[in-house]
Amino acid sequence: MKKSNGYSCLSFLCIKILIVFVINMKTNALYKGCLEPILLKLLKENTRMYGYEITQKVKEITTGSLVITEGALYPLLHRLEGEEILSSEIEMNGNRPRKYYSLTAKGDLAEVAATHSLSDFIKTMNLILLTKKA
Amino acid sequence: MKHELTPAQIAYLFSFCRKHFIPYYDLQIELVAHLAHAIEHLMGEQPQLEFEETLAAVYREFGATGFR
């Protein structure tokens, strides 16, 4: 009997961990499409930033709700640099070099477009979520 | 308390990137800066941590495929 209680406690714990994992995964999937507008907006407001600074800034603004993973951020930065939406410069900082990113003129336009798209998306989602049954 | 990595530790991070198949210098710069910041942050918060174990913990944040 004691053993069976142990097993049920363990399976309850496993289910709880799984639920938390699924919720986090779903939240992250929702944020994923928003990463580009977030990044462009941050660069517009801060003029120039480096990778680690971007991850920390997002964590700070969202009080930890949104964590940009390194695996998502750097490929995005490199793609946007390739598309000439971002430009970069390398500067020495203390005992090591640091790569800063900033918006190009094309990036300024992309930021406005991306912010509008995100804002429209939020409005549409609100229409669905806030519409009351007649 | 702010912890600052030594030039030898920064050089170690560059060689760590090369060992993990990052041949491009500009990409190495970016990854070294990221690793160094995260390591300094953790070691500043927990001064008992060793450099190499902190590097391993920070590298795990890149996910199962590492830098790839």
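Every residue gets a number counted from 1 within its own chain, in the order that chain's sequence is written. Labels follow written order: the first chain is A, the first ligand is 1, and so on. Per-residue local features of the predicted model are confined to residues with pLDDT of at least 70, and side-chain atom pairs are confined, for both listing and counting, to 80 or more; whole-chain, interface and lining totals are unaffected and use all residues. By convention in this description, side-chain values take in all heavy atoms of the structure and omit both hydrogens and water.

S.K.: Explain the sheet that holds strand S2 (residues 86-93) of chain A residue by residue, including any values.
M.R.: All names here are of chain A. For two strands to be treated as a pair, DSSP must find at least two bridges joining them. For the purposes of this entry, the term helix denotes a DSSP run of H or I that reaches at least four residues, the term strand denotes a run of E that reaches at least two, and both are numbered from the N terminus. In space, the 3 strands of this open sheet follow the order S1-S3-S2, with antiparallel pairing throughout. Unpaired on one side and paired on the other, strand S1 (48-50) and S2 mark the two borders of the sheet. If you compare each strand with its neighbour and ignore which way they point, the axes differ by 35° on average. Pairing analysis gives 3 bridges linking S1 to strand S3 (residues 96-103), with the strands arranged antiparallel. Along S3, the bridge assignment pairs Met 49 with Tyr 101. Between N-to-C directions, angles span 0 to 180 degrees; the directions come from axes that are lines fitted to C-alpha atoms, helices contributing only their stretch in contact.

S.K.: Which residues make up the packing of aromatic side chains, and what values go with them?
M.R.: Residues and elements named next belong to chain B. The aromatic pairing rule takes the rings of Phe, Tyr and Trp, using the six-membered ring of Trp, and pairs them if the centres are within 6.5 Å, calling planes under 30 degrees apart stacked, those over 60 edge-to-face and the rest tilted. On inspection of all chains with the given rule, the structure shows 5 aromatic pairs over all chains. Taking 5.8 Å as the distance between ring centres and 20° as the angle between the ring planes, the aromatic pair formed by Phe 14 and Tyr 25 counts as stacked. A residue pair is termed long-range when its members are at least 10 positions apart, and Phe 14 in helix H1 (residues 7-19) and Tyr 25 in helix H2 (residues 25-45) qualify at 11 residues. Centre to centre, the rings of Tyr 59 and Phe 62 are 6.3 Å apart; their planes meet at 35°, and the pair counts as tilted. For every residue, the accessible area (1.4 Å probe, protein chains only) is compared with the maximum for its type, and the residue is labelled buried under 20%, exposed over 50%, or partly exposed between those bounds. Accessibility expressed as a relative area gives 18% for Tyr 59, which makes it buried. Among the aromatic residues, those joined into a ring-pair cluster are Phe 16, Tyr 59 and Phe 62.

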